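# Architecture at a glance
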Amino acid sequence: MALDTVSIAETTPNNEQPWRELGLKEDEYARIKSILNRRPTSSELAMYSVMWSEHCSYKSSKVHLKQFGEKAPKSDALLVGIGENAGVVDIGQGYAVTFKIESHNHPSFVEPYQGAATGVGGIVRDILTMGARPIAVMDPLRFGLADAPDTRRVLPGIVAGVGGYGNCLGLPNIGGEVVFDETYAGNPLVNALCVGVMKHSDIKLATAHGTGNLVVLFGAKTGGDGIGGVSVLASETFASGKAAKRPAVQVGDPFAEKVLIECSLEIFAQDLVVGIQDLGGAGLSCATSELASAGSGGMDIQLEKVPLRDPSLSPEEILMSESQERMCAIIEPSKLAAFMKICKKWDVTATVIGQVSEGDRLKITFNGELIVDVPPRTVAHDGPVYNRPIAKPAYLDSLTCAEVPTPSKGAELKAAVLKLMSSPNMADKSWVTSQYDRYVQGNSVLAQPEDSGMIRIDAQTNLGVAISTDANARWSYLDPYEGAKLALLESCRNIATTGAKPLAVTNCLNFGSPEDPGVMWQFSETVRGLADACLELGLPVTGGNVSFYNQTGSVAILPTPVIGVLGVIQDVRTRTQMGIKTAGLDLYLIGTTDDDLSGSEWAYLHGVMGNTAPKADLAMEQRLINLLLDGQSIFEAAHDLSNGGLVAGLAEMTLRYTVGADLAVSVNLFSETPGRVLVAVKPEDAEQLTALSNKFNITIAKLGTTGGDDLIINDAVIPLSELSQAHSETFPKLFG
Amino acid sequence: MRIGVVTFPGTLDDYDAARAVEAAGAQAVPLFHASDDLKEVQAVVLPGGFSYGDYLRCGAIARFAPIMSSIITAAEHGFPVLGICNGFQVLTESHLLEGAMIRNKDLHFICKDQPLVIENTQTMWTNGFTAGQEIVIPLKNMEGSFQCDDATLARIEDEGRVIARYVGENPNGARNKIAGITNKRGNVVGLMPHPEHAIEDLTGPGTDGLTFFTSVLQTLVGR
């Protein structure tokens, strides 16, 4: 194909262009023409199509997401907010922490191993780009039914991909989720979180300032992988009968990324960059337009200088390629030699591909011919914004209440506990987590299956951070406003049970098609709920990610807002673990229990959804968090109650170190009422616990004492050996 | 005491190994693959990771790094070398130790707290243990299954050169449950599990791993 230049575009206004195939709508194409006052060149069309895709432009979600700004609580902790590669928060002692979750859902269905692997790679580069050393990853995963044939293809591949990439980077994987529901069949969710740490003075931003400064591309060479991944894969519903989309999935090289991390950190340490951006979705189109647009606007790129793996790539393909393990830096000419020396040390290819220029145009030439001449802001930020129709879905009017038997004693209770704890959603996940390295870097204080992952930041002062990710998609299905709040609260509780104070929030909002008014209603209610709750709890949202089009035909996934909370702990040595280690402790339930079976795991096992989500009680939950932090020194063990309710919490606490308990329980064992925590305390500390209960006005109830080889609830005796077998054999049986 | 910790491209546990060396009371000296300068260290640790991405065969490319030529020469003259995980693979590829590692029997990466029994306490890196002592340190790798031919296996066993064996179920299909071996002289030791991740209760399964590092200090002090 002949090179389509700006001058050709000016003289051939009526050439047919494949805007529809590239995922653009008719009015969007018209808008590009009106911005440029001519038809776009094929390279420009490629850039606009990827940058204006749902995945990159947030065109359907923008109008809702602005609530996170409007309702933002006052926070001294926030150093960098939404809009950069990742938000940054102050954790004290001169340290800043950056963390973010992103989705890599669609590629992981097509090619599970590479989709998941490059999901990890992408989020790690986002964190690195802020100037931080990545210190841990977490992966909330969701799949179709555990025994479905396709789940056996998708799950092992995704787990191996997460492990294969993360392990090779030397990043401990400290937590996540594995959840099954039939709506995720064909739409597995791979959400990847990364957290990084730096000193305040080391924060880097994605901006191109200073006329004459150099644009340097470094890292892997550019190949044909991932072309169109953004626009075609992530922004269109899968439909049967279309051609295989395999070539649009990127292929990861974790070794190249590990070397790129070390190289970049050495470059940051010598303060050699003005601005930096990683190349992820939309590749060079994204990096150049975002860097230029965040700077003064002018940038000249000589595209033929981009080092290629595949010399046959056209300029359009070079601009759209999503080849992994690449970064783009803006460097002062005087610092180029030092920059190149570090790249040479790490054997990283680095090439000057352009300059920051006067004016406000992004101009790209290919062998001297001008092929792109655009205002970069129109590509990167001024994409279309849709206020899509919203309508409360009809299913909400036909829900019925959850009527399921909830045994409380005897053989019936024992059988129920074994059934619940061996179900795929509640079963032991070590088949998954043992494929992840949780030890590397030597600072993993807590990792799965603990309530939160915890990393020591400073070995001298023992300052640390805790991170948890949570979602309850069934509650979100029943009531997305409350569901989002409840996910946030669960995440906060998971942080507080380990002894850390919640500080900031990130999110990954996974939904069906935004073109369905019912899905848009779920989405808008979710954002409203999360923004309201963050405001009331005083927690800033530092960033996030939206993944739409997670649906097959007309069936959307359950609305799945995955909420990540970061907490700070002053002394990681004081952290609380979830397992009971010794006999003779008193076990208490903190919080009150109602009959909340709608959306519960127990109801789900009976094929029942129910009709209503619990109402989030933010004031009570805040008091509960304060109680947990105040009482940290007396808790021998603490465990948040969520999926599976009280009975699951008891099973998990006793199974952890095989120390049993003898308990008398009068409340509903399977109810999932939020705002509850189990704690084990020494008998002599009971008075202190009562004092805390009074101080924070939270109900406590003693359930019994720890010890023995059985979990005894009322008169049901469940040997831990039997429970452990039921709990741990599910995954190996399913997945080998 | 100066103990070198080598970083190849793709090495991951160099930070942890250096921390373990310091926790044992020695000075950790970073050694970079591209130089053959041992910087007057008195022992060397080859840490775990995926050197050169493990793309050809684990350890096969690292063996040719300039730093390895110095280490191989020194090791042949009694210089203490500990290879952990990928470091063990580098040692077998360098022919300082026999055998080779293949994929774990179930073909998954394994990360778990692994019980071991220490068998040979005469090496420079294990003299702080008592024979038959059981320890727990993390095992984490994809290619961790120790293999060799029957004759080699018989020789290693006859000469008492197995330093540690897995206790309980064989986690990866290693022959004779071998977790680590030494050369005849006892200066070169290779170990698949990770002692550097077990030097404090807070971040590992315990402190059993520290003895590997204090052992070599004891050896060096006694010289």
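The rules behind the values
- Residues numbered from 1 in each chain as written.
- Chains lettered and ligands numbered in written order.
- Predicted model: local features only at pLDDT ≥ 70, side-chain atom pairs only at ≥ 80, totals over all residues.
- Helix = DSSP H or I, 4+ residues; strand = E, 2+ residues; numbered from the N terminus.
- Contact = placed C-beta atoms within 7 Å.
- Axes fitted to C-alpha atoms, helices over the stretch in contact; angles between N-to-C directions.
- Left-handed = near helix turned anticlockwise from the far one by under 90°.
- Nonpolar A, V, L, I, M, F, W, Y, C, P; charged D, E, K, R; others polar.
- Buried ≥ 20, exposed ≤ 12 C-beta atoms within 10 Å, placed from the backbone.
- Domains from an automatic or database assignment.
- Pairing = 2+ DSSP bridges.

## Let's talk about the environment of A:Pro719
Residue and element names in this part refer to chain A. Relative to the helices and strands, Pro719 resides in strand β28 (residues 716–719). A sequence separation of 61 residues divides Pro719 from Thr658, and the C-alpha atoms of the two residues are 10.0 Å apart. If we ignore the near neighbours within four places in the chain, the residues touching Pro719 are Asp709 and Asp710.

## Some details on the packing of helix α8 (residues 112–129) of chain A against helix α9 (residues 149–169) of chain A
Residues and elements named next belong to chain A. Look at α8 against α9: their axes get within 7 Å of each other, and the N-to-C directions meet at 35 degrees. In terms of crossing hand, the pair formed by α8 and α9 is right-handed. In contact with Pro112, Tyr113, Gln114, Gly115, Ala116, Ala117, Val120, Gly121 and Val124 of α8, α9 contributes Arg153, Val154, Gly157, Ile158, Ala160, Gly161, Val162, Gly164, Tyr165, Gly166 and Leu169. Of the residues in the contact of α8 with α9, the class split is 12 nonpolar, 7 polar and 1 charged.

## Focus: unusual backbone geometry
A cis amide bond, omega 5 degrees, links A:Gln448 with the succeeding residue A:Pro449. Structurally, A:Pro449 can be placed in the loop between β14 (444–446) and β15 (453–456). Phi is positive for A:Asp271, close to 55 degrees, though the residue is something other than glycine. The residue B:His95 is not glycine, and still its phi comes out positive at about 65 degrees. Inspection of the secondary structure assignment puts B:His95 in the loop between α3 (86–93) and β5 (100–102). For B:His95, a count of 9 C-beta atoms within 10 Å translates into the label exposed.

## Regarding the domain arrangement of chain A
A common way to express how large an interface is: the accessible area buried when the components associate. Looking at the assigned domains, one finds that chain A contains domain 1 (1–9 + 24–49 + 204–233 + 244–385) and domain 2 (396–735). Once you take the C-alpha centre of each, domain 1 of chain A and domain 2 of chain A turn out to be 43 Å apart.

## Observations regarding the pairing of strand β23 (residues 635–640) of chain A
As a general feature of sheets, a regular strand has side chains that alternate between the two faces. Residue and element names in this part refer to chain A. Burial of β23 is extensive: 5 of the 6 residues sit out of reach of the surface. Relative to strand β25 (residues 677–681), β23 runs antiparallel, the two sharing 5 bridges. Across the sheet, residue Ala638 finds its bridge partner in β25, namely Val679.

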